[in-house]
Amino acid sequence: MPPSSAMASNGYAGYGGQAYQYAQQQQPYNPAYGDDDSKKTDGDDAAAVQNSIQTRRARRETAARLEQARNAERTLANLGTMFSKMADLVVAQGETIEKVEDDVEAARVDIYAGHEEIQKLYGITKGNRG
C-alpha cells in the first residue's frame, strides 16, 4: 500500500481525506459565512441594500406618478363631460332665447297696431265732439 493511500484511509490525507469529507457533510450551511466561492464584504451588502432601497423608492415614485396621471385623466374626462353638458345647455337656451326674441317682435308689431287703432279711435271721437 503506498503511503498516500494509507494516509487517505486513516483520515489524514488533508482536504481530500475521509475525515474532511465527513466534517463537510456534518456542518450546516450558515449564510453569515457565505460560500467558499463568494467573497462578499460588508460594503457589497451595504451597496445591495442601498440599491434595493433606491429601487423601491423609484417604484413608489413611479406608482405615485402613475396615480397622478390617472387622476389628471379622470379630471380631464370630467371636464370634457361638463363642457359637453354646457354646450347642450347653451343650445337649449339659444332656442329659448330665439323664441323669446320672436315673441318680443310679435308683441312690438301688436303694440304698433294697437297704437294705430287708438289713434284712429281718438280721431273719430274728437270729430264727433265738435
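Residues numbered from 1 in each chain as written. Predicted model: local features only at pLDDT ≥ 70, side-chain atom pairs only at ≥ 80, totals over all residues. Heavy atoms only, no water.

Helix and strand counts for the chain stand at 3 helices and 0 strands. The N-to-C order of helical and strand elements in the chain reads α-α-α. The proportion of buried residues among the 130 residues of the chain is 2%. Here the chain has roughly 12,000 Å² of accessible surface; of this, 57% comes from carbon and sulfur atoms. (Helix = DSSP H or I, 4+ residues; strand = E, 2+ residues; numbered from the N terminus. Buried < 20%, exposed > 50% of the residue type's maximum accessible area, 1.4 Å probe, protein only. Areas by Shrake-Rupley, 256 points an atom, 1.4 Å probe, with all protein chains shown as cover.)

On to a positive patch on the surface. On the surface, a cluster of positive charge is contributed by Arg56, Arg57, Arg59 and Arg60. Along the chain, the position of Arg60 falls in helix α3 (residues 42-129). Overall, Arg60 belongs to the exposed group, its relative accessible area being 53%. (Patch = residues over 30% accessible without salt bridge, like charges linked within 9 Å, V, L, I, M, F, W, Y side chains within 5 Å. Salt bridge = Lys/Arg side-chain N within 4 Å of Asp/Glu carboxyl O. Lys, Arg positive; Asp, Glu negative; His and termini not counted. Charge placed at Lys NZ, Arg CZ, Asp CG, Glu CD.)

In this section: the pattern of salt bridges. Following the criterion strictly, the structure yields 3 salt bridges and no others. Residue Arg74 is joined to Glu67 by a salt bridge in which the shortest nitrogen-to-oxygen separation is 3.3 Å. For Glu67, a relative accessible area of 38% translates into the label partly exposed. A salt bridge links Glu105 to Arg108; the nearest nitrogen and oxygen atoms lie 2.9 Å apart. On the criterion of helical spacing, the pair formed by Glu105 and Arg108 is a turn pair, its members being 3 residues apart in helix α3. With relative accessibility at 40%, the residue Glu105 sits in the partly exposed group.

This prediction gives the chain a mean pLDDT of 79; 66% of its residues lie at or above 70. The least confident element of the chain, judged by mean pLDDT, is helix α1 (residues 3-9) at 47; the most confident is α3 at 92. Throughout residues 1-11 the model reports pLDDT below 50, and contacts reaching past four residues in sequence, or to other chains, amount to 7 contacts. (pLDDT = per-residue confidence, 0-100. Contact = heavy atoms within 4.5 Å.)

Okay, a negative patch on the surface next. On the surface, Glu95, Glu98, Glu101, Asp102 and Asp103 cluster together to form a negatively charged patch. The residue Asp103 is located in helix α3 in this model.

Taken together, the side chains of Leu76, Leu79, Met82 and Phe83 present a nonpolar region at the surface, about 450 Å² in accessible area. In this fold, Leu76 is placed in helix α3. Leu76 gets classed as exposed once you look at its relative accessible area, which sits at 58%.

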